[in-house]
Every structure is written in structure tokens, then in C-alpha cells.
Amino acid sequence: MNLTALSAFETAQKVRAGELNANDLAEAALAQIRAIDGVPGSLAPGILESAEEQKVHAFIQVTEELALSQAARVDRKIAEGEEPGALAGVPVSIKDIFCVEGTTTTAASRTLANFIPPYTATAVQRLVDAGALILGKVNLDEFTFGSSNESSAFQPSTNNPWNTDHVPGGSSGGSAASVAAQEVALSLGTDTGGSIRQPAAFCGVVGLKPTYGRVSRLGLIAFSSSLDCVGSLSRDVRDTALMLQVMAGSDPKDSTSSTRPVGDYLSALQQDVKGLRIGLSPDYEAVYYPDFESGAVHSEPVQKEVRDAVLRAAETLANAGAEIIENVPMPNTRYGIPVYFVISRVEAASNLHRFDGVKYGYRTSAEINDLNDLYRLSRGEGFGPEPKLRILMGMYLSAAEHASNFYQKALKVRALIRSDFENAFDPEGDYWLDALLTPSTATTAFKRNAVLGNSVLMQYSDQMTVASNHAGVPALTLPGGLDESGLPIGIQLIGSDFGEDTILRIGHAFEQLSTSETWRSEKPQVLQGEVKA
Ligand code: GLN
């Protein structure tokens, strides 16, 4: 049996039944990481040979001892007849933006390169309590600012397992790549504008951004607090449901976590899609972006193969009894990125104030004369270019004389974006949708270095995902095909508030209905040539 190819669901089932032991699973994951991951990301990577450069490089830190001790605990529980948990023996990676007590938590920034938090994030703790094995911390764009993983201060940055000349997407690129490359079964990520769904789509895996507040943010290093969501990456929808089941629910230590009862996500998967109303919107057929010189707005249609995959999925679901509702208007979607620029920068600049070299994080070793110098040099040396840009923009936009021009206006447009979803899902409205079906990204994974350095263009790769962050609604991406060059295509299902059960149910049905499609049997480049027992 190829242990690293097993789903989380199958793994836990076999461990709980005594057919597999957690120690073997930890060892198999460690062996896979050693075989294909290459050197971990570091602040001083040196020059890499080309074979080394082509490796996955998902990990910043492999936590071998931790994984093995967690495995021993699961195996001991089984031996003693104790309940080992719903994720018993399941290998997991953690985006390095979550605090895990006793391990460095870097946010992929020089600022936090040596930071060892004194506590563990709630979401991570719930995974561990359910018997998961933490294999390590995975790479991301610095402070989650980016869409390609390339802005990490820890290099080499992660490659796309399907074609290592391409980026894995970002900011949860290490998470998506580690799952696609079968180094782990599950990964914990964050999504502020698309950071789970865009890399999941680029790497051909499933990614869920839950409803805002469904999963606790305690122990997550904050980017934009009104948009940040904690979610999952996995290889199939059932694993996504299982992981959400374990993590969801209120947390007394996060006042924005919802106290609403948690649904039964795994049971929801048993229902089919008959009678469900699934919408398609013309507002998800193109991306709109400004000409950087003139400011004029251009539109570019979504890559044809991506569009075709969405239509194919709609047809598959219609054949299974779903009702497809065309032409659902989502007219404010196109303002998602401009609004995000304002809100996320203002909140990021505010959240990054705490990294000042005084209490924790990087402190300059230069000679300083006063407190100002300490702040200026510590922040100047610690932050990379992307956080600096965002701090500058956030400070500018939130200056008293600008607040009503930008921030207040952005909040109003955000409310309009949300009203599009409210109208589309309103049971008494014209559409009463159960879900909206859209592309996850406008294109498949771009080449390394193709967009790096153009912070604005990079941002526009979140056009299909960011509206659901503004609205707070849940959204799921899952594989929907491959393009002509063999790169994965993601399709997205957006639900109403706390409607995770419905989008998971539709996603799972689509997976079942498309198992015999040829693209389903293709494997990422880094897994080809492996002997499968
Ligand atoms: N790519 C987006 C950005 O650069 C989204 C990041 C995220 O969701 N954390 O801000």
C-alpha cells in the first residue's frame, strides 16, 4: 500500500481499526518529504544546482520529532483502547503563519525568523487533539502577502508539483504543494483574498475558505483581521469536510469566532444534488484591471479552458438533477480587488505595528541613539519589499485627510459586494441559489518570475476569489480539469453564510460524477515515475 497516497479519511479509518499504525504513517511522510522536497527554505539559501532547484521546496521546517511523538501517542492510545480521534495518524502540514508552541513561526519573514511562540493556535490544537501528526511548517508569501509564494524571505520558494517551472500560487503555496505532492494528506492554510483557493486551484487540490468566524483565528498572525479566514487544503472533498468538522466551532479566546452550532459536514456528503439551484454569473467571465499608466479599465476574458471546465461541471451537475440558473447578476464583483487594496492595506499596516524590535521579532544590531532609530532600523531590515509597500500604502490611505476618500468609500463598496450575494441567495428573491459556480482563477498557474515584482498585477490573480472574502461567505475550490499544457484548473462553489454543508455536498457529488474523466488519472510531475505498490 502506498501510505502517502491515502486520503485523510482512509488513513484515520485504518489507524482506528488497527490496520495501520501512526508511526509507519509518520515515517512514510518523512520519507516522501526527504525524496522530493529538497532543502528547506532559509534566509541564506546559497546557489542551488538545477536538480535541487526543481524540487518542491514546500517546507521551511520539518518537525520530525514532533510528528513521531504525536504518532507514538496515537499508537499508545490505540493499544490501550482509548479514543484516538477523527484524524488519528493523518500527516498534516501547517502554513508557517500559525503559532505552534516550541517551533519557530516565521510568517516567511526575516522579522520573525527566530520567533518561537509560547502557545499553539486553536485550529492547530484541534487537529492535534484529533490525532493528526504535524510534519512541519510550510512556506508562504511573506506575511501571506502575495499570490505566488515567491515573496517569501525563505528561499528557494515553493514550486508547483505539476510543473516545477510554474508557481504553486499563494499565499498558501507550500500548503497546496505539500498536499499535491503527497507529502501530507491535509494542510492548514489562511485565505484573506484567495490565499487558500488560488494555490489549491494552481496545484490541483481542494481548498476551503469557510464562512468568516467559522474557525477560530487565535494564534494566526494577523494580516487583515476583517477578511482573514482559517481553512483547509486536501486532495478530496470528503477530507475537507472531515478537517472542517474537527476545526470548526466557537473559541472563547477569539471574540469573532461564531457560536453557531457546527453542521454535520460528513453526513451532508451523502445527499445528492437533485433540485439544488446552482447559479452561473456573467460577472465571473472576465477580469477587470486598470491600465497602470492611464488608469483606464481593461477587461480580459477568463482563460478559455477554465471557462469550459466551469461549463462542463455545470452540465455534469445538471445531468445529475441540479437546476442551473444562468445570468445571475453579481455586478459589484469587479470592484473586489480595488476595495481589497484599500481595506487589506489599512488593516495590514495596523497589524504590522507590533513588529517593532522591542518585545519580540527581529531587532537591529546596528548602534542606535534613540527609540526611533530602533524602530526604523529593525523594521527596515526585518521586513521585505512587499510588507513595506503595504505598510506605506496602508498608512497613506488611513491618514486622517484621506480616510473619507478611500477607507470609508471602500467599506461602502464592500457592502454592495455583499448585497450581490444576499440577493443571489435570498430564499424569497429572484434566484434563491444554493450555490454559485465560478472559475477559481482566471488563468492556470503562471511561470516563476513572470509576475514577480509587479505587486499590482500579482494582486489581480485573486479576482475570482476576493468577493467572497468581502462578503464573508464560504467558498470551495476543487479540481475541474487540466489545460492544454497539463496544468490544473480549479472550479469554485460559493455558498451562503454558514452554507459549508451545501457546497461540500455539491463538490463531493461533482467528484463522484467525474471519476471516469481522463484528466482525473493524471498525476503531478513530481510523482511521475514513482512505483505504486
Ligand atoms: N494574494 C492576496 C494578497 O496578496 C491574498 C493573500 C491572502 O489571501 N492572504 O493579498
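Everything quoted here is computed from the prediction, not taken from an experiment.

(A) A look at the packing of aromatic side chains. Considering all chains together, one arrives at 12 aromatic pairs under this definition. Where F223 meets Y340, the ring centres are 6.4 Å apart and the plane angle is 85 degrees; that geometry is what we call edge-to-face. Highlighted residues: F223 in the loop between strand 5 (206-209) and strand 6 (229-234) and Y340 in helix 11 (residues 336-351), separated in sequence by 117 residues. Taking relative accessible area as the criterion, Y340 reaches 4% and is therefore assigned buried. Linked through ring pairs, F115, F143, F145, F223, Y340, F355, Y360 and F383 together constitute an aromatic cluster. In this arrangement the basic side chain of R277 is found over the ring face of W432, its NZ or CZ atom lying 3.4 Å from the centre.

(B) Inspection of the pattern of salt bridges at higher detail. All chains considered together, the criterion is met by 15 salt bridges. Taking the shortest distance from any N to any O, the salt bridge between E53 and R448 comes out at 3.2 Å. Residue E53 is located in helix 3 (residues 50-53), and its partner R448 is located in the loop between strand 11 (435-439) and helix 15 (455-459); the two are separated by 395 residues in the primary sequence. On the accessibility criterion, E53 (32% relative accessible area) is partly exposed. Here R448 falls in the partly exposed class, since its relative accessible area comes to 23%. In this structure, the salt-bridge partner of E285 is R307, at a minimum N-O distance of 2.8 Å.

(C) View of helix 2 (residues 22-36). With 15 residues, helix 2 should cover 21 Å at 1.5 Å per step; its first-to-last C-alpha distance of 21 Å lies within 8% of that length. Against helix 1 (8-16), strand 1 (59-62), helix 4 (64-79), strand 2 (91-95) and strand 3 (133-138) lie the buried residues of helix 2. Immediately downstream of helix 2, the backbone of G38 shows phi near 80 degrees, a positive value.

(D) Highlighting the layout of surface pockets. Estimated volume of the largest pocket: approximately 710 Å³. Lining the largest pocket are 27 residues, with G204, R235, D236, R520 and K523 sitting closest to its centre. For the lining of the largest pocket, the secondary structure elements donating two or more residues are strand 12 (475-482) and helix 17 (500-513). Residue composition of the lining of the largest pocket, grouped by class: 12 nonpolar, seven polar and eight charged.

(E) Representation of the environment of V215. Tracing the chain through its elements places V215 in the loop between strand 5 and strand 6. Relative accessible area serves as the criterion here: at 4%, V215 is assigned to the buried category. Each C-alpha atom of the pair V215 and L244 lies 8.2 Å from the other, and the pair is 29 residues apart in sequence. When near neighbours in sequence (up to four residues on either side) are disregarded, V215 contacts A123, P210, V230, L244, M247 and A248.

(F) Seen up close, the state of the cysteines. Across all of its chains, the model carries zero disulfides by this definition. Looking at C99, it has no disulfide partner, and the nearest cysteine sulfur is the one in C229, 18 Å off.

(G) Representation of the sheet that holds strand 10 (residues 323-325) in the model. With respect to topology, 11 strands assemble into an open sheet ordered 1-3-2-4-6-5-12-13-11-7-10, the strand pairing being mixed. In this open sheet, the two edge strands, each paired with only one partner strand, are strand 1 and strand 10. Across this sheet, the average inter-strand angle for adjacent strands is 30 degrees, counted without regard to direction. In this fold helix 8 (residues 237-247) packs onto strand 4 (186-191), strand 5, strand 6 and strand 12, with an angle of close to 145 degrees to the strand it touches most, strand 6.

(H) Here's a closer look at a negative patch on the surface. A cluster of acidic residues, D24, E27, E64 and E65, forms a negative patch at the surface. Elements represented by at least two residues in the negative patch include exactly helix 2 and helix 4. By secondary structure assignment, the location of D24 is in helix 2.

What counts, and at which threshold
Sequence order as written defines the numbering, with residues in each chain counted from 1. Totals for whole chains, interfaces and linings use every residue, but because this is a predicted model, local features are given only for residues with pLDDT of at least 70 and side-chain atom pairs only at 80 or more, for both listing and counting. As a rule here, side-chain values come from all non-hydrogen atoms in the structure, and water together with hydrogens is ignored. In this scheme Phe, Tyr and Trp rings, the latter by its six-membered ring, pair at centre separations within 6.5 Å, and the angle between planes marks the pair as stacked below 30 degrees, edge-to-face above 60, and tilted otherwise. Helix numbers and strand numbers start at the N terminus; a helix is a DSSP run of H or I with at least 4 residues, a strand a run of E with at least 2. The buried label applies to any residue whose accessible area, calculated with a 1.4 Å probe on protein chains only, is under 20% of its type's maximum; exposed applies above 50%, and partly exposed to all values in between. Criterion for a charge above a ring: Arg CZ or Lys NZ at most 6 Å from the ring centre, at most 35 degrees from the ring normal. When a carboxyl oxygen of Asp or Glu lies within 4 Å of a side-chain nitrogen of Lys or Arg, that pair is called a salt bridge. A helix is expected to span 1.5 Å for every residue after the first. Residues are treated as being in contact if the distance between any of their heavy atoms lies within 4.5 Å. Cavity: a set of points on a 1 Å grid over the protein atoms alone where a 1.4 Å probe fits but cannot get out. Pocket: an open set with protein on both sides within 12 Å along at least five of seven lines, its lining residues, like those of a cavity, having an atom within 4 Å of a point. Grid points are joined across faces, edges and corners, and a volume is the space filled by probe spheres set on the points. All residues other than Ala, Val, Leu, Ile, Met, Phe, Trp, Tyr, Cys, Pro, Asp, Glu, Lys and Arg, Gly among them, are scored as polar; the first ten of these are nonpolar and the last four charged. Defined by distance alone, a disulfide is two cysteine sulfur atoms within 2.5 Å. Note on pairing: DSSP must find at least two bridges between two strands before they are called paired. Helix axes are fitted to C-alpha atoms over the stretch in contact, other axes to C-alpha atoms as well, and angles between N-to-C directions run from 0 to 180 degrees. The patches reported here contain residues having more than 30% relative accessible area and no salt bridge. Joining distances are 9 Å for like charges and 5 Å for nonpolar side chains (Val, Leu, Ile, Met, Phe, Trp, Tyr). The Shrake-Rupley method, run with a 1.4 Å probe sphere, supplies the accessible areas, and residue values consider only the shown protein chains as cover. Only four residue types enter the tally: Lys and Arg on the positive side, Asp and Glu on the negative side, with His and both chain ends excluded. Lys charges are placed at NZ, Arg charges at CZ, Asp charges at CG and Glu charges at CD.

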